[in-house]
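# Structural characterization, general
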Amino acid sequence: MKTEITLLAATILTATTALAQIPAGYTVAPWHGFSESVVTYSLDDLTPNQIPVGLPLFDKYGVKASFNVITYKVTPDEWRQLKSAVKNGHEVTSHTVNHKNMAELSAEEFESECRDSKRTIQHNTGSDCITLVYPYCASAHKEISSKYYLSARCCSKHIEPYTPADMFDISSIGVGAESETNSAEDFNKWVDIGYERKGWCTFLIHAIDDDGGYSPIKSSELEKHLDYVTKNPQKFWAANFEQVTKYIIERDALTITETRDGNKYTVVVGCKATSPLTTFDEPITISRALPNRFKVKVKDQNIKNLKIQDNKIMFDVVPGHAYSFFLK
């Protein structure tokens, strides 16, 4: 019987590591594509230049970002643009309804902010909205936020490790005029630290190009930094908060079963973590060691991003699917 876990608390999220079932010869990539670290761009408050300036910049470099909205402020035209961004792989997620200090709210008020902002985002964008960004970085009532979300972001200014200690207290590094991180070189120093630690670096961004929002950054500096990150995919996987959250949960609870029929090998991939909040469908990269002098032939259209190197076959998998290849 398949073991299932409903993820309704951070302690359960971090406990799934022990459930992974990986046969000998297989390796699950720490980050997608066997990148050695991950970088997330998390944009708060939907300041005036985030959509017209920031979004095209991220699209230019193929980077999927997280736009964290205060739902009562979003206009119908902005909702239309955000819905399009979601369809293109970006994330739109909750920065609550009213941007109040969550640590100062009663449990009932806190739950209303979580529930109502999530519902509004789901209705207007079609996204699952599974992550939360605390206004003023004030985390509280995690037992409530875990009813609606799978992770939450604060701003403790450090790099998160391979598996964060608390998925509802994920750190970020504030940038812009009100911080010490302004230039492309400053950004690059942080991601290089993330690479050295094989961890997760999240940047907290507000205003872009003096648009009137808090702590502006220059789009020209952001672009130079994005160029650096995307030219080094072996070091950095650039992904939004939802993608990384799912990847960590799936990676730490992944199951792989291999069967053989002659020279045909079939790999069935599962995930011992489940949640009523979303489907775990983020592609996970795996590898399988190959016997010496064997050649691989792949006919399976499900296999994506196939690479063969160092006597290994590497490809992306999604829980709930099967993949086949042939060794000759």
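Details of the structure are given in the entry above.
This section reports on the structure supplied with the text. (Residues numbered from 1 in each chain as written. Predicted model: local features only at pLDDT ≥ 70, side-chain atom pairs only at ≥ 80, totals over all residues. Heavy atoms only, no water.)

Strand pairing within a sheet occurs via backbone hydrogen bonds; the two strands may be parallel or antiparallel. An order of S1-S12-S15-S14 is seen for the 4 strands of this open sheet, with the pairing classed as antiparallel. Strands with a single pairing partner mark the edges of an open sheet, and in this sheet they are strand S1 (26-28) and strand S14 (304-309). Direction aside, neighbouring strands of the sheet carry axes that sit 20 degrees apart on average. Bridge count for S14 against strand S15 (residues 312-317) is 4 bridges, and the pairing is antiparallel. Note that in S15 the partner of Ile308 across the bridge is Ile313. (Pairing = 2+ DSSP bridges. Helix = DSSP H or I, 4+ residues; strand = E, 2+ residues; numbered from the N terminus. Axes fitted to C-alpha atoms, helices over the stretch in contact; angles between N-to-C directions.)

The next point concerns the packing of helix H6 (residues 184-197) against helix H7 (residues 219-230). Contact pair H6 / H7: the axes reach a minimum separation of 8 Å and the direction vectors enclose 35 degrees. Regarding H6 and H7, the two cross each other, and that crossing is right-handed. Counted together, Ala184, Glu185, Phe187, Asn188, Val191 and Asp192 of H6 and Glu221, Leu222, Lys224, His225, Tyr228 and Val229 of H7 form the full contact between these two elements. Taken together, the residues that form the contact of H6 with H7 break down as 6 nonpolar, 2 polar and 4 charged. (Left-handed = near helix turned anticlockwise from the far one by under 90°. Contact = heavy atoms within 4.5 Å. Nonpolar A, V, L, I, M, F, W, Y, C, P; charged D, E, K, R; others polar.)

A few words now on the side chain of Ser146. Turning to its location among the elements, Ser146 is positioned in helix H5 (residues 142-148). The exposure class of Ser146 is buried, given its relative accessible area of 2%. Here Glu143 takes part through its backbone oxygen, which lies 3.2 Å from a polar atom of the side chain of Ser146. (Buried < 20%, exposed > 50% of the residue type's maximum accessible area, 1.4 Å probe, protein only. Polar contact = N/O pair within 3.5 Å; in protein donor to acceptor, adjacent residues only side chain to side chain.)

Bringing the state of the cysteines into the picture now. Enumeration over the complete set of coordinates arrives at 1 disulfide. Here Cys137 is linked by a disulfide to Cys155, with a sulfur-sulfur distance of 1.6 Å. Disulfide Cys137-Cys155: the torsion about the S-S bond is 120 degrees, which places it as right-handed. Of this pair, Cys137 sits in the loop between strand S5 (131-133) and H5 while Cys155 sits in the loop between strand S6 (151-153) and strand S7 (173-174), and the two are 18 residues apart along the sequence. (Disulfide = S-S within 2.5 Å.)

Okay, the sheet that holds strand S16 (residues 322-327) next. One open sheet holds the 4 strands; their spatial order is S10-S11-S16-S13, and the pairing between them is antiparallel. Single-partner strands in this sheet number two, and they are strand S10 (254-261) and strand S13 (296-297). Sheet topology note: the strand S11 (residues 264-271)/S16 ladder contains 5 bridges and is antiparallel. Opposite Val268, over in S16, you have Ala322 as the bridge partner.

Inspection of the sheet shows S10 paired to S11 by 8 bridges, in the antiparallel sense. For Glu258, the partnering residue across the bridge sits in S11 and is Val267. Connecting S10 to the antiparallel partner S11 that follows it, the hairpin turn spans 2 residues, and Gly262 within it adopts a positive phi of roughly 65 degrees.

Moving on, we come to the environment of Asp45. The topology assignment puts Asp45 in the loop between strand S2 (37-44) and helix H2 (50-60). Sequence separation between Asp45 and Val244 is 199 residues; the distance between their C-alpha atoms is 21 Å. If near-sequence neighbours (up to four positions away) are discounted, Asp45 is found in contact with Asn68, Ile70, His95, His99 and His206. For Asp45, the side chain forms a polar contact with the side chain of His95, separated by 3.1 Å.

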